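Chain and residue survey
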Amino acid sequence: MEKHVFLEMSNISMTFPGVKALDQVSLNIREGEVHALMGENGAGKSTLIKIISGVQQPDPGAKILLDGKEVEFPSVHASIQSGINAIHQDLSLFPNLTVAENIYLGRSKKGKIDWKECDNIALEALERLSVQMDIHELLGNLSVAKQQLVAIARAISLSSRLLIMDEPTAALSFSEVRMLYEIIRKLKKENIAILFISHKLDEVFEVSDRVTVLKDGKYVGCKNIEELDESMLVQMMVGRSVSYEALNQESHASEKILEVKNISREGNFKDISFSLHKGEILAFTGLVGAGRSETVKALFGLNPPDEGEIFIHGKKVELKKVSQAMRHKIAFIPEDRHQEGLILNMSMRDNITLPVLSELLDRLGFTNGKKTESLSEEYVKTLNIRPGQIEKMAKNFSGGNQQKIAVAKWLVTKPDILIIDEPTHGVDIASKTEIHKLLKSLAKQGMAIIMVSSEWQEVFALSDRVIVMRHGRIVHEDSTKTGDQNLMMEKAILGEGKA
Amino acid sequence: MEKMKKLRPSLNGIVLLAAFLGIVVIGTVASRNFLTIRNILSIFQQMPEMGIMAIGLTIVIITGGNDLSSGTTMGLCAVISGLCLTSGMPIALAVLVSLAAAVLCGCLNAVLVAVIGIPPMIATLGTQMFFYGAALVLSKGNSISNIPREFYFLGQNKIAGIPLQAIILVLLTVILAVVLKKRVFGKHLIAIGNNSKASAYSGVQTERVLFAAYIICSVLCCIAGNIQVSRVATARADMGYSFLMPCISAVVLGGTSIDGGIGGVGGTVVGVIIFAMISNIMNLAGISSFWQQLATGSILILVVVFNKITENHKLQRRKKESN
């Protein structure tokens, strides 16, 4: 028996300056179904959810039908009025208010709070979830799992038809996840539809009825869960259309430049060992939270390991500070351009020259305008950064060009080892290709590159070797030319046991 | 073309200049005595103390920090210098001792802010009271007079008719302006103010830079303190206590962002001069000091509001362009 489709969205596009986050995506929700929304990082899942919940507005031309009538969600309030409630990853609750107040909030009339009504609404909502908790406890004193229950209680008390959850199990323990599943099933019986984002395949197969998959902002497909098995779903997420040509033909019998032996850091990564050769691109992949970024940051002195040893050119080194790492000719381009990679309010020239500023002085020790200018101009040209105005502030460039500035900033240090975290995250296709070409040519010139990437296509197209991480450990290491690609994906997503 | 762009003054600069000229005009109209050499010299005899402290504060505020202890640092250094001078110590040594104390004050602030990670407002609020208390204890709450005559040169001498302290202010301003514009240290100060995480990721040794910033600020407060001791021939713990708020106001008026990352010492000095002129005009016109506060406050609010509105306007225009 097919249930009635009550929410139908089609032709949803969303353009940010320089990036198309969503491109003619469609999504439909049936009454009382559990619908999973899947895709890799940057696929556009969160953007789609923000559009449904009224946080962001889609490009013109989007069509949203609610019970057959065309509607718009111009604000969060409007979508709540239509019975759509979203629970974001940060839960958006108030830690200094009680459970009851959190559930009741925003409902008082004329500024007067009816405390009895407040308690009743809270008790009733929690009862519907069959959850017992002290409603007068401060929210901040509760565990994350309980806070999430409060968020759900709040949502269903607002007469919800559709409950949206962004990675609801990301912060939960195993038993708490089971409890959440129970609640999802209960809500389903009440005919409340649930749309949730997840990266975990087992979870999707356990609770969902249907799955919609997005990739690079495009709609891939929507399937009933019975029609799918795990590897089919992985294929949908990763995409088949990849041509895995061998891009780096020459074999690497070259000099070993970096060797990492059994480094561990409490809560970050455990027992990591690998080596890196000149002219090689080594990819770190795995799911978000697998400890990849934490591991590579350890090599740049940002996240020093508690134990283990690191050797560069065969000599044991200390990497406790960024300056130490820079002295060993290591460069690191972080994933978050806006907070970590660039200083947005400074000019492109100032950004590019910041790491080497003290080498660009005149005889009196003043920074030399001519030297910084010619150096910046040189890298603007090699990386084809557009527009090429070196005085323009970094924040006024598109995502792709910002990433090129971040790359330029570290190429000026002429590193032996270049670490780059998600080299093409949020970057348009044209710049993506250019960055890929650049990385390859750098490797050809002898630079050793460590790349963290969640995109399989990128991993296979660029790297010579791949290391798969899961839960802070290395679970697999293989050559991308001879290795079994499906096996690697499954190891990353499913873990050791099932592969 | 590039050169032309550099010469074009910033919007804040234009507003500041307009406010400056406006006040000069008002002063000239309000009192015959305003635009006389004698009066102008008297302004430049008093205002450098606040000016020197304010440019030091600018350096700290550019890093995204703040130093609420600057006023009491000045008082503490004044007392220390006064005690040393009256004890018969050679003048140079007495000044050196007070400078050493200033370096310690700056280090304490920097340890709290940069090493332990306490928000600058809170950290320096604590040291503000601490330094004031230290100054009171050292001076036993008394004002220290009997400052040796040989020390008067610092605050009472003139070179070619110009008060020595005004020359010191100009020199320090030029030095700091060049440091901010042309030295690696200056660029690092600005980078940290814009984004300290990204700066650290770029190899900027943020701790070291912050230490230097807070020490520079304290040392300048100490110089201001010594000048005042020399000018009024006494040292008291509460010297500089009332300077803090006007100094922060002058920094903001001068176009330095209170969030850090943008600004310079030149604007700050103009800000201090504007405030000094306002009180001077009111004194000349015989208006009560209650009204002076009102006028100073209004100017600050007007300029800041004007800057914010134009900034929002610019943002909107940019958004439209990108669409």
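Scoring rules and cut-offs
- Residues numbered from 1 in each chain as written.
- Chains lettered and ligands numbered in written order.
- Predicted model: local features only at pLDDT ≥ 70, side-chain atom pairs only at ≥ 80, totals over all residues.
- Heavy atoms only, no water.
- Salt bridge = Lys/Arg side-chain N within 4 Å of Asp/Glu carboxyl O.
- Helix = DSSP H or I, 4+ residues; strand = E, 2+ residues; numbered from the N terminus.
- Buried < 20%, exposed > 50% of the residue type's maximum accessible area, 1.4 Å probe, protein only.
- Contact = heavy atoms within 4.5 Å.
- Buried area = accessible area lost by both parts, 1.4 Å probe.
- Polar contact = N/O pair within 3.5 Å; in protein donor to acceptor, adjacent residues only side chain to side chain.
- Nonpolar A, V, L, I, M, F, W, Y, C, P; charged D, E, K, R; others polar.
- Core = buried A, V, L, I, M, F, W, Y, C linked by side-chain atoms within 4.5 Å.
- Domains from an automatic or database assignment.
- Pairing = 2+ DSSP bridges.
- Axes fitted to C-alpha atoms, helices over the stretch in contact; angles between N-to-C directions.

**Re the pattern of salt bridges**
On inspection of all chains with the given rule, the structure shows 24 salt bridges over all chains. With a shortest N-O distance of 2.8 Å, A:Glu33 and A:Arg210 are connected by a salt bridge. Of this pair, A:Glu33 sits in the loop between β2 (19–30) and β3 (34–38) while A:Arg210 sits in strand β9 (residues 210–215), placing them 177 residues apart in sequence. Residues A:Glu33 and A:Arg210 agree in their burial class; the two are buried. Across the salt bridge formed by B:Lys197 and A:Glu340, the nearest N and O atoms sit 2.9 Å from each other.

**Description of the interface of chain B and chain A**
Contacts between chain B and chain A engage 23 residues on the former and 32 residues on the latter. Note on chain B versus chain A: buried area summed over both sides is about 2100 Å², and carbon and sulfur give 58% of it. The largest per-residue losses of area from chain B upon contact with chain A belong to B:Lys182, B:Tyr201 and B:Ser202, which jointly make up 31% of the total buried on that side. Connecting chain B to chain A are two salt bridges. Summed over the shared surface of chain B and chain A, the number is nine residue pairs in polar contact (both at pLDDT 80 or more). Among the secondary structure elements, those contributing two or more residues to the side of chain B that touches chain A are α8 (164–182), α9 (184–194), α10 (196–201) and α14 (289–322) of chain B. If one sorts the elements of the side of chain B that touches chain A by residue count, α9(B) sits on top with six residues. In terms of residue class, the side of chain B that touches chain A is made up of eight nonpolar, eight polar and seven charged.

**Let's talk about the nonpolar core**
Residue and element names in this part refer to chain A. Core analysis: the biggest nonpolar cluster contains 129 residues, and Ile152, Leu258 and Phe274 have the highest contact counts within it. At eight residues, helix α5 (residues 144–157) tops the list of elements feeding residues into this core. Taken domain by domain, this core gets at least three of its residues from each of domain 1 (5–238) and domain 2 (256–494). For Phe274, the residues in contact, after removing those within four places along its chain, are Leu258, Glu259, Val260, Leu282, Phe284, Leu299, Ile450 and Ile467.

**Let's talk about the domain arrangement of chain A**
Per the domain assignment, the segments of chain A are domain 1 (5–238) and domain 2 (256–494). Each of domain 1 of chain A and domain 2 of chain A was reduced to a C-alpha centroid, and the two centroids are 35 Å apart.

**Observations regarding the sheet that holds strand β11 (residues 256–265) of chain A**
Residues and elements named next belong to chain A. Pairing within the open sheet is antiparallel, and its four strands lie in the order β12-β11-β14-β15. One side of each edge strand has no neighbouring strand; the edge strands of this open sheet are β12 (269–277) and β15 (315–317). Adjacent strand axes in the sheet meet at a mean angle of 20 degrees when their direction is disregarded. Summarising the sheet, strand β14 (residues 307–312) and β15 pair through three bridges and their orientation is antiparallel. Residue pairing for β15: Phe311 is matched across the bridge by Lys316.

**Looking at the pairing of strand β8 (residues 193–197) of chain A**
Residue and element names in this part refer to chain A. Extensive coverage of β8 is indicated by the burial of five of its five residues. Along β8, one buried face is formed by Ala193, Leu195 and Ile197 and the opposite face, lined by Ile194 and Phe196, is buried too. Note that β3 and β8 share four bridges and pair parallel. Opposite Leu37, over in β8, you have Ile197 as the bridge partner. Judged from the five bridges that link them, strand β7 (residues 162–166) and β8 form a sheet pairing that is parallel. For Met165, the partnering residue across the bridge sits in β8 and is Phe196.

**Focus: the side chain of B:Ser218**
As for its placement among the helices and strands, B:Ser218 is situated in helix α11 (residues 206–232). The residues contacting B:Ser218, other than those within four sequence positions of it, are B:Asp67, B:Thr73, B:Ala102, B:Cys105, B:Gly106 and B:Asn109.

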